[in-house]
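Architecture and fold: a report
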Amino acid sequence: MALKSFSVTGILSYVLFSASWLAFAFFLGGMIPDQQLWFVLLITVFFGLPIYLAALYAVTIRRIYLSSQFRKLGILHWLFTRRILAYIGWLLWSVVFSFLLLFYLGSAEKQEWVVIFCAIPVFAISHAVFLPMASREYKPYIAVHKSLTWSRWLTSLILALLFLVASDHADRSRQYASLTEAVISETQKLSGTSNSMLIHEVNRLLGLAEGLKRYALGNLHTLNDSLYLGILFLGSAVFFYNISLGISSFMIPVAEYRRVFAPIQDSDHPPPTSPWAWAVTSAFATFFIFFVYVPSTVYMDAWLRANPETIRQIQQSQQLVVETVEMIGEHYYKPGTTEQIEQAYLDSIRQLESSLEKLRQTSSAGFQHMTENVDDYLDWYYSLPGEYERIVALATGMLEHWMTEKLQHYLMKGNVFGPVQQSIEEILRNNQQLRTEHLRKVEQILTDNQIVPNEDTHLDIIRHASLNALREPPVHSVIINLEHRMLISGGIGTAGAITGAIAGKITAKVAGKGIIKLGAQALIKITAGKAVSALGGAAAGAATGMALGSVIPGIGTAIGAAIGGILGGITIGLTVEKLLLMLEEAFSREEFKRQILQAIDEERSEFEKLLNNHPVSDTLSGTMPVEIPEASEAH
């Protein structure tokens, strides 16, 4: 039976009247700033009437519901079923809220109007869902009331949430540097040509509210987001509840409104309205409109016009809004300025880290190539040319120094650390550029965000910061170590400086282990043994030479012996030395290689530790005295 109310005619009537009611506010509300007071009074009555009728019907049904719970009539029944106070209260609310609502709707934006018009289908769908549910357990007229009540609340919550989503939080044209600027700008948009002081002041009041909203929307990163969004949601819910209340009046069957003017009666069908009820209602409406509503509003407008000092105080109170600022050094800046500078600092640190990551990769490849060069050094070391080069160095008394230089030469073969040197030079150049660019960014941020407050502006300083600390360029411990520990402070080192430094430290580690010194001592002992072997080789060569030279009479034997001694000494000596080197290599090469690789690994670990140091500071908060003042400061 409940679904009978959802006839095609009923739905079309609901949609037509609801859309007309909102369109009434859309077109006539926008005309208010340029109209006179009588125009506002007239359209307020017509716009507030649906809200008032829906409220009266809801009050009447609740009173009928309460009355049905009493067993007999008495004082409590009279007290809880009287409607006059509720009627008067809703009358005042409907007039005042409709008056303000028309001003607001006249300045609402398109996306806000889209959400407002969505109330029509959302409420209709909610009512279509709730009415059958309520009709199964409540009386027909109680079911209608319950369904309308639930639908109003659900529509209000849905549209309030939709309003938050549809709000343009990133509208750059309506983001303001200060709260004062936001209020002034939004108030100017609501200005008009009306001669009514009341209209002007209401517009100013709405401009203040809209300025507060727009400033908060544009500064969510400096405000308590959850608190602000919660307040905006609750305010939107109240707003849309009254919109839902107005459009719900067009969903109530016309016959049901007879209950509003009739005595409390629990019946499925409302009683007819008596002539006496019509007379009382007409008299009350006439008295309220012509003797209360119009005179009081006109008197308020006249009083504002006759008291310019009050108007000036109201304007000053709206201008003396609290402006939230940050104090950096001796100047005031927009909230979030310090965060912008900190972000610029972190961006510079990240760019340095990117360059250092490239250096880490090239250094890893350099150490790998150096490791591969060890076998080339050992191949030379255990070769006959290498052996005789060491003998020559031994003869000149510079064996240890010469062996150190030779090891360093082979480790650096192929310019293994050339890319590392280039990466370091690039890092140092970038470091200088980043420091200069960072200082430029800081100055630009400070210039863009500085605030020069008016003399009548109240300042709420939410953060203090040191100007020198904010201007401090980014510093990375790796850069400092590269400059001071790798011999390139004061400028970029010459090509190969890093390679030589690292290879020199590796050879120093090898020498420190005593390997080169022990190798020199072993060479002296082996050289003595080789000399004995060489004498034996020479004797054998001489005997062979004499046998070959006996074919020459006289001196043949002597010449043959000499030539044979030379050839024999060379052949046998080379053979013996080669065999001794092979023997020495078999016993000592792996240990020698292990010691050199160990020295390289130690230097690799030290260098990687150097490159993996954290920045001296990865945030500016540690270098800035930041505090929240206990009280606001007036400028």
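Here the residue numbering is sequential within each chain, running from 1 through the sequence in written order. Side-chain atom pairs in this predicted model are given and counted only at pLDDT of 80 or more, local residue features only at pLDDT of at least 70, and totals for whole chains, interfaces and linings cover all residues. For side-chain calculations, the full set of non-hydrogen atoms in the structure is used, while hydrogens and water are omitted.

All right, on to helix α16 (residues 399-411) then. In DSSP terms, a helix is any run of H or I states spanning at least four residues, a strand is any run of E spanning at least two, and both are numbered starting from the N terminus. For a helix, the expected span equals 1.5 Å multiplied by the number of residues minus one. Taking 1.5 Å as the rise per residue, α16 with 13 residues should run 18 Å; its terminal C-alpha atoms sit 18 Å apart, in good agreement. Three labels apply to residues, based on accessible area from a 1.4 Å probe with only protein chains included: buried if under 20% of the type maximum, exposed if over 50%, partly exposed otherwise in between. Leu 399, Met 403, Leu 407, Tyr 410 and Leu 411 are the residues of α16 that are buried. Buried residues in α16, looked at end-on, bunch into an arc of 105 degrees, giving them a common side. For this quantity, the arc is that covered by the directions from the helix axis to the C-beta atoms.

Attention now moves to the packing of aromatic side chains. Pairing of aromatic rings covers Phe, Tyr and the six-membered ring of Trp, with a centre-to-centre limit of 6.5 Å; geometry is then stacked below 30 degrees between planes, edge-to-face above 60, and tilted otherwise. Inspection of every chain in the model, using the stated rule, returns 25 aromatic pairs. Arranged with centres 4.9 Å apart and planes meeting at 80 degrees, the rings of Tyr 381 and Tyr 382 form a pair that is edge-to-face. Grouping residues by exposure puts Tyr 381 and Tyr 382 together as buried. Taken together, the ring pairs connect Tyr 377, Trp 380, Tyr 381, Tyr 382, Tyr 410 and Phe 592 into an aromatic cluster. The lysine or arginine in question, Arg 259, covers the ring of Tyr 141, its NZ or CZ lying 4.1 Å from the ring centre. Throughout this description, the term charge over a ring refers to an Arg CZ or Lys NZ atom that lies within 6 Å of the ring centre and within 35 degrees of the ring normal.

What follows covers the environment of Val 144. Considering the arrangement of structural elements, one finds Val 144 in helix α7 (residues 140-166). C-alpha separation for the pair Val 144 and His 127, spaced 17 residues apart in sequence, amounts to 8.8 Å. Contact criterion: two residues are considered in contact whenever any of their non-hydrogen atoms come within 4.5 Å of each other. Contacts of Val 144, omitting those with residues within four sequence positions, involve Tyr 57, His 127 and Leu 131.

Let us now look at the confidence of the model for the protein. A score from 0 to 100, pLDDT tells how confident the predictor is in each residue. Counting all residues, the mean pLDDT for the protein is 75, and 69% of those residues have values of 70 or more. Ranking the elements of the protein by mean pLDDT puts strand β5 (residues 633-634) last with 42 and helix α6 (residues 119-135) first with 92. Segment residues 621-635: pLDDT under 50, and 36 contacts once partners within four positions in sequence are set aside and those in other chains are kept.

This part covers the nonpolar core. The nonpolar core is taken to be a set of buried Ala, Val, Leu, Ile, Met, Phe, Trp, Tyr and Cys residues, with the residues joined through side-chain atoms within 4.5 Å. Within the largest apolar cluster, 68 residues are counted, with the highest numbers of intra-cluster contacts made by Ile 32, Tyr 57, Phe 103, Leu 105 and Phe 239. Considering every element that reaches this core, the biggest residue donor is helix α2 (residues 37-67), with 15 residues. Core analysis: the second largest hydrophobic core is formed by 32 residues, Val 374, Leu 407, Phe 592 and Phe 607 among them.

Put simply, a patch holds well-exposed residues, over 30% relative accessible area, that have no salt bridge, with like charges counted together within 9 Å and Val, Leu, Ile, Met, Phe, Trp or Tyr side chains within 5 Å. The method behind every accessible area is Shrake-Rupley, applied with a 1.4 Å probe, and residues are considered shielded solely by the protein chains displayed. Whenever a carboxyl oxygen of Asp or Glu lies within 4 Å of a side-chain nitrogen of Lys or Arg, that contact is scored as a salt bridge. Where nonpolar side chains cluster on the molecular surface, the patch consists of Ile 84, Leu 85, Ile 88, Leu 92 and Phe 284 and spans about 490 Å² of accessible area. Per element, the largest residue contribution to the nonpolar patch is four residues, and it comes from helix α4 (residues 84-107). Considering the arrangement of structural elements, one finds Leu 92 in helix α4. A relative accessible area of 47% means that Leu 92 is categorised as partly exposed.

The subject of this paragraph is the pattern of salt bridges. Tallying each qualifying case throughout the model produces ten salt bridges. With a shortest N-O distance of 3.9 Å, Arg 604 and Asp 601 are connected by a salt bridge. Of this pair, Arg 604 and Asp 601 both sit in helix α22 (residues 556-611), three residues apart, roughly one helical turn. When salt bridges that share partners are traced, they join Asp 375, Asp 379, Arg 589 and Lys 593 into one network.

Between N-to-C directions, angles cover 0 to 180 degrees, with each direction set by a line fitted to C-alpha atoms, over the stretch in contact for helices. Axis separation between α2 and α4 bottoms out at 8 Å; the angle between their running directions is 140 degrees. Between α2 and α4, the angle is such that the two are oblique. The way α2 lies across α4 gives a crossing that is right-handed. Here α2 contributes Val 40, Ile 43, Thr 44, Phe 47, Gly 48, Ile 51, Tyr 52, Ala 55, Leu 56, Val 59, Thr 60 and Arg 63 to the contact with α4, which in turn contributes Ala 86, Tyr 87, Trp 90, Leu 91, Ser 94, Val 95, Ser 98, Phe 99, Leu 101, Leu 102, Phe 103 and Leu 105. For classification purposes, angles smaller than 35 degrees are called roughly parallel, those larger than 145 roughly antiparallel, those between 65 and 115 roughly perpendicular, and all remaining angles oblique. By convention, the crossing between two helices is left-handed when the near helix turns anticlockwise from the far helix through less than a right angle, and right-handed when the turn is clockwise.

What follows concerns the side chain of His 145. Within the secondary structure layout, His 145 lies in helix α7. Excluding anything up to four places from it in sequence, His 145 contacts Ala 58, Ile 61 and Arg 62.

Further remarks concern the layout of surface pockets. The definitions used throughout rest on a 1 Å grid laid over the protein atoms alone, on which a cavity is an enclosed set of points accommodating a 1.4 Å probe that cannot get out and a pocket is an open set flanked by protein within 12 Å on both sides along at least five of seven lines; lining residues are those having an atom within 4 Å of a point. Grid points are joined across faces, edges and corners, and a volume is the space filled by probe spheres set on the points. One number sums up the size of the largest pocket: a volume of about 1000 Å³. Lining the largest pocket are 37 residues, with Tyr 52, Leu 56, Phe 261, Thr 281 and Phe 284 positioned closest to its centre. Only α2, α3 (75-81), α4, α11 (258-261) and α12 (275-306) provide two or more residues apiece to the lining of the largest pocket. Under the scheme applied here, ten amino acids are nonpolar (Ala, Val, Leu, Ile, Met, Phe, Trp, Tyr, Cys and Pro), four are charged (Asp, Glu, Lys and Arg), and all others, including Gly, are polar. In terms of residue class, the lining of the largest pocket is built from 26 nonpolar, nine polar and two charged.

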